[in-house]
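The chain contents come next:
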Amino acid sequence: MGTGLRLGIFTGLLILVGVATVFALNIPGFSKVEKVKAVNGVVSIPVAKVSDGEAHFYRIKEGGKDIGFFIVKGADGALHTAFDSCDVCYKAKKGYEQKGDFMVCKNCNQRFAIAKIGPHAVGGCNPSYLPSTIQGGSVIIKSGDLQSGAKYF
């Protein structure tokens with residue numbers, strides 16, 4: 001086999017892997033972040049989809065910005081919603097990752113108990129609280145509440 005043919009096959013395989021990677025990152029279940037859209041002023045996510053104790057990360061385009069948030073069930077049995085950002089480290093645009101019962105800032109490594117994420121844990125590097133309600137088996141988040149976090153993104 002000639003050098004040109006080997007180079008052509010290698011280049012073709014490289015392109016195929018690159019294209020497959022791009023598609024995999026946009027297919028639900030293959031990406032860490034799922035894109036969502038508001039319908040009638042709200043984002044609705046089935047409770048059953050986010051009740052496994054794992055953090056589920058979402059992005060929505062609101063007001064010209066991609067706003068990130070997560071939903072995670074805590075050890076307290078409640079679902080907790082927050083922006084994937086905080087008041088202190090938001091400029092780094094790194095967000096959080098889950099480690100057991102904690103969400104950890106990927107910029108400064110501060111750990112926050114999932115069960116304490118909410119309206120009373122604000123400021124500093126706490127995950128910025130995102131109000132939500134449970135209605136009819138879905139987590140409901142208002143577009144206006146999402147837009148209030150645009151400053152972090």
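Our structure's up above, just so we're on the same page.
Residues numbered from 1 in each chain as written. Predicted model: local features only at pLDDT ≥ 70, side-chain atom pairs only at ≥ 80, totals over all residues. Heavy atoms only, no water.

**Comments concerning the packing of aromatic side chains**
Turning to step 1, where the next piece is worked out: Scanning all chains against the criterion turns up seven aromatic pairs.
Turning to step 2, where the next piece is worked out: Pairing Tyr96 with Phe112 gives two aromatic rings, centres 6.3 Å apart and planes at 75 degrees, and the pair type is edge-to-face. With Tyr96 in strand E6 (residues 96–99) and Phe112 in strand E8 (residues 111–113), this pair connects stretches of sequence that are 16 residues apart. With respect to burial, Tyr96 and Phe112 carry one shared label: buried.
Turning to step 3, where the next piece is worked out: In this structure an aromatic cluster arises from ring pairing among Phe57, Phe70, Tyr96 and Phe112.
Turning to step 4, where the next piece is worked out: Its end group placed over the ring of Phe57, Lys32 keeps NZ or CZ at 4.4 Å from the ring centre.
Turning to step 5, where the next piece is worked out: Sitting over the face of the ring of Phe102, Arg111 holds its NZ or CZ atom 4.2 Å from the ring centroid. (Phe/Tyr/Trp six-rings, centres within 6.5 Å; stacked < 30°, edge-to-face > 60°. Helix = DSSP H or I, 4+ residues; strand = E, 2+ residues; numbered from the N terminus. Buried < 20%, exposed > 50% of the residue type's maximum accessible area, 1.4 Å probe, protein only. Lys NZ or Arg CZ within 6 Å of the ring centre and 35° of its normal.)

**So, the sheet that holds strand E3 (residues 56–62)**
Hydrogen bonds between backbone atoms are what pair the strands of a sheet, whose relative direction is either parallel or antiparallel.
Turning to step 1, where the next piece is worked out: Taken together, the four strands give an open sheet; going across it, the order is E1-E3-E4-E5, and neighbouring strands pair in mixed fashion. On the outer flanks of this sheet lie strand E1 (33–35) and strand E5 (79–83), each paired with one strand and no other. The average angle at which neighbouring strand axes cross in this sheet is 30 degrees, direction not considered.
Turning to step 2, where the next piece is worked out: As paired elements, E3 and strand E4 (residues 65–73) share seven bridges and run antiparallel to each other. If you follow Ile60 over to E4, its bridge partner there is Ile67. (Pairing = 2+ DSSP bridges. Axes fitted to C-alpha atoms, helices over the stretch in contact; angles between N-to-C directions.)

Functional significance is not addressed by these values, which are geometric in nature.
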